[in-house]
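# Structural features, examined
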Amino acid sequence: AGQQMITRISHNLTRKTFLSTLLSTCGIPPPNSRILLSSSLSVARCFSVSAFSSKAKFHSLTMMMESIEEHHVPPIAPMVDTAFLSTILDSRNDNNMDPTSAPSVTDTSVATESILSSVDDDDADDDDDEDDTSVVNEQRAQSQPHSPTIKMQSLKQLLEVHHADRTNLPNTMTRPQIYGHRGAIYQALENTRKSFQVCADMGCDGIELDVFVLKCGTVACFHGCGTDQASGLLHNYCGVEGTIVDYTYEQVKSFSFSPSFAGFVCPQNEIANAIIPTLEDVLLDAKQSGLHAKIELKGKGTVEPTLEVVERLNMVDQVSFSSFYHDRIALLRQLRPQVDSNGQHIYRTGALFSDLPHDFIERARKVGASDIHLRYDTCSASKVQAIHEAGFGSFAWMRGPVTMAIDFRDKFWDVDCENEDMYQAILDTGVQMVCVNKPDIMVKLRQDFDARIAFWAAQSMEIRKEPVLDSVVARVSDDEEDETMMIPETVAA
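## A look at the confidence of the model for the protein
For the protein, the mean per-residue pLDDT works out to 76, and 60% of the residues sit at or above 70. In the predicted structure, residues 72–151 sits below a pLDDT of 50 and forms 147 contacts with residues beyond four places in sequence or in another chain.

## As for the pairing of strand β8 (residues 393–397)
Buried residues dominate β8, accounting for five of its five residues. The two faces of β8 match: Gly 393, Phe 395 and Trp 397 on one face and Ser 394 and Ala 396 on the other face are all buried. Bridge count between strand β7 (residues 371–375) and β8: five bridges; the pairing is parallel. Directly across from Leu 374, in β8, lies its bridge partner Ala 396. In the classification by handedness, the crossover that spans β7, the intervening helix α19 (residues 381–389) and the parallel β8 is right-handed. Pairing of β8 with strand β9 (residues 433–436) involves three bridges; the strand directions are parallel. For Phe 395, the partnering residue across the bridge sits in β9 and is Met 433.

## Things to note about the pairing of strand β6 (residues 348–353)
With five of its six residues buried, β6 lies for the most part within the structure. For strand β5 (residues 319–323) and β6, the ladder comprises four bridges, and the chain directions are parallel. Considered in β6, the bridge of Ser 322 is made with Gly 350. Following the backbone out of β5, through helix α17 (residues 326–335) and into the adjacent parallel β6, one traces a crossover that is right-handed. Relative to β7, β6 is paired through four bridges, and the arrangement is parallel.

## Here we look at the pattern of salt bridges
Inspection of every chain in the model, using the stated rule, returns 21 salt bridges. A salt bridge links Glu 280 to Arg 312; the nearest nitrogen and oxygen atoms lie 3.3 Å apart. Separated by 32 residues along the polypeptide, Glu 280 in helix α15 (residues 279–289) and Arg 312 in helix α16 (residues 303–312) bring together distant segments of the chain. Judged by relative accessible area, Arg 312 falls into the partly exposed class, the value being 44%. Here Arg 399 ties to Asp 407 by a salt bridge, and the two come within 3.1 Å at their closest N and O atoms.

## Focus: the environment of Gln 251
Take Gln 251: it is sitting in helix α13 (residues 249–252). For Gln 251, a relative accessible area of 36% gives the class partly exposed. Within the structure, Gln 251 has its side chain in polar contact with the backbone nitrogen of Thr 248 (distance 2.9 Å).

## Considering the packing of aromatic side chains
Inspection of the entire model under this criterion finds 13 aromatic pairs. Between Tyr 237 and Phe 261, the ring centres sit 4.8 Å apart and the planes meet at 40°, which makes this aromatic pair tilted. In this pair, Tyr 237 sits in helix α12 (residues 235–238) while Phe 261 sits in the loop between α13 and α14 (269–272), placing the two residues 24 residues apart along the sequence. Taken as a pair, Tyr 237 and Phe 261 share a single burial class, namely buried. What links up through ring pairs into an aromatic cluster is the set Phe 212, Phe 222, Tyr 237, Phe 257, Phe 261 and Phe 264. Over the ring of Tyr 179 we find Lys 294; its NZ or CZ atom is 5.4 Å from the centre of that ring. Against the face of Tyr 186 rests Lys 438, its NZ or CZ located 4.9 Å from the ring centre.

Calculation rules
Residues numbered from 1 in each chain as written. Predicted model: local features only at pLDDT ≥ 70, side-chain atom pairs only at ≥ 80, totals over all residues. Heavy atoms only, no water. pLDDT = per-residue confidence, 0-100. Contact = heavy atoms within 4.5 Å. Buried < 20%, exposed > 50% of the residue type's maximum accessible area, 1.4 Å probe, protein only. Helix = DSSP H or I, 4+ residues; strand = E, 2+ residues; numbered from the N terminus. Pairing = 2+ DSSP bridges. Right-handed = clockwise from strand over helix to strand, strands pointing away. Salt bridge = Lys/Arg side-chain N within 4 Å of Asp/Glu carboxyl O. Polar contact = N/O pair within 3.5 Å; in protein donor to acceptor, adjacent residues only side chain to side chain. Phe/Tyr/Trp six-rings, centres within 6.5 Å; stacked < 30°, edge-to-face > 60°. Lys NZ or Arg CZ within 6 Å of the ring centre and 35° of its normal.

Structure representation (structure tokens):
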């Protein structure tokens, strides 16, 4: 089948023609191929995006085969070598390649390198506190020609929301609290006062920021590159050697950000005059705007200095603390164990998780966390439900823009990176708080949610005016099995 594809498929065919040709090449008759095409919309969508990798395209073929089995279509011919087929598919997007001469299996490393070269090793963002180069090295290792095929996933299935029913939306989705991840990073430079102010202007509930304690004792807002053992690396961000903790604030505030750093996705003019702010300046702005501040304790020794700033500004009720390193959360809870009249901790903390261990709830409880922070692709509906049943708040966070792009290039085929559909999938899990790189999109989704709630309320008011309502309610009360009338709990309240 692969040899016939080489001679019969050219790069300028439409995706529908391409799929039809592929199906006929594999010996599937037209009636069944029409069924298959109509039931595999994601396959066509995959081929409509030229930026999709070989793995994405190969996964679409795997989906075809699964759909063939589901519809009892005659068996497809045995699939050719994965790497060989991938290079054939990639050749369709190469306008200079003769469709009659596809590269051999040994040439796949060239295609792999061209994909990975778009992300420089030094520019790979690190939101999981892993080494910068590990992301790229992992991608290179996974893409070797003879390595086992990595089947791409459906994010919606991973989050357990692929069958979500939004017809009764007020009962099935929580109104989310929206936090800008390091601010509004597509409008202004991350972790700057302007970026946080843009979040306030958008209508966000809060901001997420990272802090380090500098050489002079000042607590500064900064992310940087590197691991916890070499945190806050400055080279990629500012062209300066060392880490931010090696400098005083007088030195740090004079640093210029590098416009060439791939992790900076805001307009170039926003980078030139940006200044690394102190935590105090950011919190004073938040006090004026009303934003809640989620402070990630990024560097070592940040617990007590950060507490001092927050308490001096009398902003305990407007701030929460989080960290991937749970000993910092435990220390904060040990220092500030106070609870309110409802038994809730006054100093709210979040246990951050990257890859989720099976005992994540027990770990969060052990360190006295108030909330559990899950990476977006581990935030499934069942885990969110378990978090709520255990008495914790739920929080989903996005990775940085570079690593998010890698995820959606190589892992997920059913939604695009941080668009409405992807954000909606996360909201469908019932998570209470979301930390996103594009808060303007999430704010729009919430506005749509509010409009739907208003519609339900209006419909409820109309129902109340009907004289038959009492009899209907009575009938429903008499027979619990009667589902003739369903009034959403939100509206009833």
